[in-house]
Amino acid sequence: MSRRRRIYEGKAKILYEGPEPGTLIQHFKDDATAFNNKKHAVIDGKGVLNNRISEFIFTQLNSLGVPTHFIKRLNMREQLIREVEIVPLEVVVRNVAAGSLSTRLGIPEGTALPRSIIEFYYKNDELGDPMVSEEHITAFGWASPQDIDDIMALAIRVNDFLSGLFLGVGIRLVDFKIEFGRLWEGDMMRIVLADEISPDSCRLWDQSSGEKLDKDRFRRDLGGMLEAYQEVARRLGILNDNE
Ligand code: C5P
């Protein structure tokens, strides 16, 4: 893949030009970062697992009619995606209090929220991805009111699907982050789900033990990050018991 033109390199992924116009190749790295890059490690095999887990989820979302950028997985670390114009927002959906919500509002981690909450953060590493409101988003032109309506409707559908998927394998979906892009088809623009959904971008707690099966293992120095991601993949039926 090294001969392909590199379009963008992020903390955990690289985008290369794709084989056809309007396509890109999304490559999953083994790098784990947290606290806006202040903490970094390389976890051998993480990229392979996230590629598989994200493929599994995006394939099902596509078949449920949730529009996404995903076309197909190409190999262990790469997937073919549609080129989209990324909306500069990180959209967080929360079902249970944890992480920054608990810190900011003093709600103990693990408290079930009265209803799912959607939050927006402005994607900007230099600023540390600050939380923003719909007023900021529309005033600064990052997304239109219609875009926000579409994003919220899709975020709710993704949450419903993921909550059920994980509940079925004994995992509580605490929260997750998703990103969206604009897909142009002639003059028509559609908002589609982009980026990835993996244990890097979700909080996943074992339903009975409460054990963390996500990136908090890295953020909080709990160890066993790869094993946790393997467990998620195994429960979703992606890995065999001996993989
Ligand atoms: O840190 P916070 O509690 O706001 O994170 C909420 C959710 O969004 C978590 O599942 C976390 O993994 C995810 N997230 C992410 N990328 C970020 C910030 C948060 O995937 N830059």
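Residues numbered from 1 in each chain as written. Predicted model: local features only at pLDDT ≥ 70, side-chain atom pairs only at ≥ 80, totals over all residues. Heavy atoms only, no water.

**What about the sheet that holds strand β1 (residues 6–9)?**
Read across the sheet, five strands follow the order β1-β2-β3-β7-β6 without closing on themselves; strand pairing throughout is antiparallel. A single partner strand is all that each edge strand has here, and the edge strands are β1 and β6 (70–73). The average angle at which neighbouring strand axes cross in this sheet is 25°, direction not considered. Where β6 meets strand β7 (residues 78–82), three bridges bridge the pair, whose relative direction is antiparallel. Note that in β7 the partner of F70 across the bridge is I81. (Pairing = 2+ DSSP bridges. Helix = DSSP H or I, 4+ residues; strand = E, 2+ residues; numbered from the N terminus. Axes fitted to C-alpha atoms, helices over the stretch in contact; angles between N-to-C directions.)

**Concerning the side chain of D200**
Inspection of the secondary structure puts D200 in the loop between β13 (188–194) and β14 (202–206). Among the residues examined, D200 registers a relative accessible area of 11% and is labelled buried. At a separation of 2.5 Å, a polar atom in the side chain of D200 contacts the side chain of K46. Only 2.5 Å separates the side chain of D200 from the side chain of Y229, close enough to count as a polar contact. (Buried < 20%, exposed > 50% of the residue type's maximum accessible area, 1.4 Å probe, protein only. Polar contact = N/O pair within 3.5 Å; in protein donor to acceptor, adjacent residues only side chain to side chain.)

**Side note on the environment of S102**
Along the chain, the position of S102 falls in helix α2 (residues 99–105). Discounting chain neighbours no more than four positions away, the residues touching S102 are A97, I107, P108 and E109. A polar atom in the side chain of S102 sits 3.1 Å from the backbone nitrogen of A98. (Contact = heavy atoms within 4.5 Å.)

**Some details on the nonpolar core**
If you look at the biggest cluster of nonpolar residues, it comprises 49 residues, and the most contacted ones within it are I57, L89, V158, L162, F166, I178 and I197. Ranked by residue count, the leading element in this core is helix α4 (residues 145–167), at nine residues. Ignoring any residue separated from it by four or fewer positions in sequence, one finds L162 in contact with I57, L173, F176 and I197. (Core = buried A, V, L, I, M, F, W, Y, C linked by side-chain atoms within 4.5 Å.)

**Let's talk about the site of the ligand**
Neighbouring the ligand are 16 residues, the closest being R94, S100, D175, R203 and R219. One of the side-chain N or O atoms of R203 is found 2.9 Å from an oxygen atom in the ligand. Here R219 contributes a side-chain N or O atom positioned 2.8 Å from an oxygen atom of the ligand. In isolation the ligand offers 450 Å² of accessible surface; the protein chains occlude 79% of this area. (Near = heavy atom within 4 Å. Areas by Shrake-Rupley, 256 points an atom, 1.4 Å probe, with all protein chains shown as cover.)

**Section: unusual backbone geometry**
Within the chain, D129 stands out as a residue other than glycine whose phi angle is a positive 50°. On the secondary structure map, D129 appears in the loop between β10 (112–122) and β11 (131–132). Non-glycine residue D221 carries a positive phi angle of around 55°. Tracing the sequence through the fold places D221 in the loop between α5 (216–219) and α6 (225–235).

**Observations concerning the packing of aromatic side chains**
Going through the model one piece at a time under the given rule, you end up with three aromatic pairs. Relative to W142, the ring of Y122 has its centre 3.9 Å away and its plane inclined at 10°; by these criteria the two rings are stacked. With a gap of 20 residues between them, Y122 in strand β10 and W142 in the loop between α3 (134–139) and α4 connect regions that are remote in the sequence. Taking the centre distance of 5.3 Å and the plane angle of 35° together, the rings of F140 and W142 count as tilted. F140 gets classed as exposed once you look at its relative accessible area, which sits at 56%. W142 sits in the buried class, given a relative accessible area of 16%. Ring pairs connect the aromatic residues Y122, F140 and W142, which therefore count as one cluster. Above the plane of the ring of F218 lies K39, whose end atom (NZ or CZ) is 5.0 Å from the centre. (Phe/Tyr/Trp six-rings, centres within 6.5 Å; stacked < 30°, edge-to-face > 60°. Lys NZ or Arg CZ within 6 Å of the ring centre and 35° of its normal.)

**Details of the pattern of salt bridges**
Here the idea is simple: oppositely charged side chains can pair when their charged atoms come close. Summed over all chains, the structure comprises 28 salt bridges. Salt-bridge contacts for E17 lead to R5; the nearest nitrogen and oxygen are separated by 3.6 Å. In this pair, E17 is assigned in strand β2 (residues 13–17) and R5 in the segment before β1, connecting sequence segments twelve residues apart. Between R6 and E9 there is a salt bridge; the shortest N-O distance is 2.3 Å. A network of salt bridges, in which partner residues are shared, links R94, R104, E109, E119, D175, R203, D216, R219 and R220. (Salt bridge = Lys/Arg side-chain N within 4 Å of Asp/Glu carboxyl O.)

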